[in-house]
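# Topology and contacts: notes
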Amino acid sequence: MTTPLTLTPGRSPDGTDRLAVSGEIDMSNVGDLAEALDSGSGPLVVDLTGVEYLDSAGLSVLFAHAERLELIVPPLLGPVLSVSGLADLVTVRGLETRDGPQC
């Protein structure tokens, strides 16, 4: 059974828009994520620490907004972001490597 996608908007302490995402991001709900990302135009911190699954549809939406995103990710998503190349385009916090934190 899939974990429903939950999107919780807010603000970081410095005033930057923030979106906390939890659950599974896949083609069945990626439209909701795209709508949330489309709703703003400035920098956005996306906290993905509650995400348990991210498929290519979710990656595609993140790539489309890469120029304005900063991602906070759990270790589970690190390899996906690295292999896809998204980690090279956005600031990623929480991405771990064998040598320690990358970001």
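The structure this text deals with has already been given above.
Residues numbered from 1 in each chain as written. Predicted model: local features only at pLDDT ≥ 70, side-chain atom pairs only at ≥ 80, totals over all residues. Heavy atoms only, no water.

Of the pairings in the sheet, the one linking strand S2 (residues 17-25) to strand S3 (residues 44-54) comprises eight bridges and is parallel in character. If you follow Ser22 over to S3, its bridge partner there is Gly50. As a crossover connection, the stretch from S2 through helix H1 (residues 30-38) into S3 is right-handed. Here S3 pairs with strand S4 (residues 69-72) via four bridges, running parallel. (Pairing = 2+ DSSP bridges. Helix = DSSP H or I, 4+ residues; strand = E, 2+ residues; numbered from the N terminus. Right-handed = clockwise from strand over helix to strand, strands pointing away.)

You can see the chain leave S3, run along helix H2 (residues 56-64) and come back into S4, and the turn it takes is right-handed. Where S4 and strand S5 (residues 91-93) come together, three bridges link them in parallel fashion. Each residue of the ladder has a partner; that of Glu70, found in S5, is Thr91. Crossover connection from S4 via helix H3 (residues 78-84) to parallel S5: handedness right-handed.

Everything listed here is a matter of coordinates, which is why it stays silent on function.
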